[in-house]
Amino acid sequence: MLVVDAESNLDLAALSRCGVRLDTLAILRSRGFADALQMTTDLLRAGFTGALLFDRLRDLYALADSQTLQSLEQALRDWGPLLARSAATLLWLTELSTPGLYPDGLPLAYAASVRLVCERERWLTEGQRVTGYVSQITLLKSRGGAQAQSLLLRFRTI
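Residues numbered from 1 in each chain as written. Predicted model: local features only at pLDDT ≥ 70, side-chain atom pairs only at ≥ 80, totals over all residues. Heavy atoms only, no water.

1. Some details on the overall build of the chain
Scanning the chain from terminus to terminus reveals 5 helices and 7 strands. Its C-alpha atoms give the chain a radius of gyration of 17 Å, near enough to 15 Å, the size a compact globule of 158 residues would have. Its C-alpha atoms give the chain principal-axis dimensions of roughly 50 × 35 × 30 Å. Out of the 158 residues belonging to the chain, those deemed buried represent 32%. (Helix = DSSP H or I, 4+ residues; strand = E, 2+ residues; numbered from the N terminus. Rg over C-alpha atoms; globule rule 2.2 N^0.38 Å. Buried < 20%, exposed > 50% of the residue type's maximum accessible area, 1.4 Å probe, protein only.)

What follows is the structure in structure tokens.
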């Protein structure tokens with residue numbers, strides 16, 4: 001898996017505690033959001049195959065800056081045909097200022113083939129120590145038509 005760390009704040013220690021094998025990740029750190037979009041475009045044009053995680057888009061940041069929003073919209077238009085003929089999967093993590101409410105004007109919801117909402121339900125503890133958490137994952141959109149299905153996942157720290 002390749003991670004585009006758009007804001008240079010990927011928490012490797014947290015990923016490791018959740019069982020992610022860091023030796024299987026390639027991480028690209030950008031010089032900003034526009035650079036991260038360009039790096040992703042370059043990867044897709046070069047024929048990248050595999051999972052590409054774009055970490056992370058904050059809705060308020062993108063919507064507050066018209067140039068950022070225009071860059072995102074253009075990238076999504078460029079990526080559609082590239083993804084359609086590739087063996088790549090593009091995943092976005094989007095941080096919403098209001099959980100569960102996707103803001104008007106942010107184009108990812110329309111470009112996505114699948115949309116999931118991940119909400120932490122509760123912390124898992126052993127005595128006073130936090131050992132993980134339970135998240136509810138809800139399917140909001142699927143090109144296959146299924147919607148509003150949800151499941152609970154337990155994440156334990158190591």
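2. Observations regarding the packing of aromatic side chains
Evaluation of the coordinates by the stated rule reveals 5 aromatic pairs. Between the aromatic rings of phenylalanine 54 and tryptophan 92, the centroid separation amounts to 4.0 Å while the plane-to-plane angle is 25 degrees, which identifies the pairing as stacked. Taken together, the residues span a long stretch of sequence, with phenylalanine 54 in strand S3 (residues 50–58) and tryptophan 92 in strand S4 (residues 88–95) at a distance of 38 residues. Tryptophan 92 carries the same exposure label as phenylalanine 54, and that label is buried. Between tyrosine 133 and phenylalanine 155 the ring centres are 5.0 Å apart and the planes differ by 25 degrees, which places this aromatic pair in the stacked class. Of this pair, tyrosine 133 sits in strand S6 (residues 129–142) while phenylalanine 155 sits in strand S7 (residues 150–156), and the two are 22 residues apart along the sequence. Taking relative accessible area as the criterion, phenylalanine 155 reaches 30% and is therefore assigned partly exposed. Among the aromatic residues, ring-to-ring pairing joins Phe33, Phe54, Trp79 and Trp92 into one connected group. (Phe/Tyr/Trp six-rings, centres within 6.5 Å; stacked < 30°, edge-to-face > 60°.)

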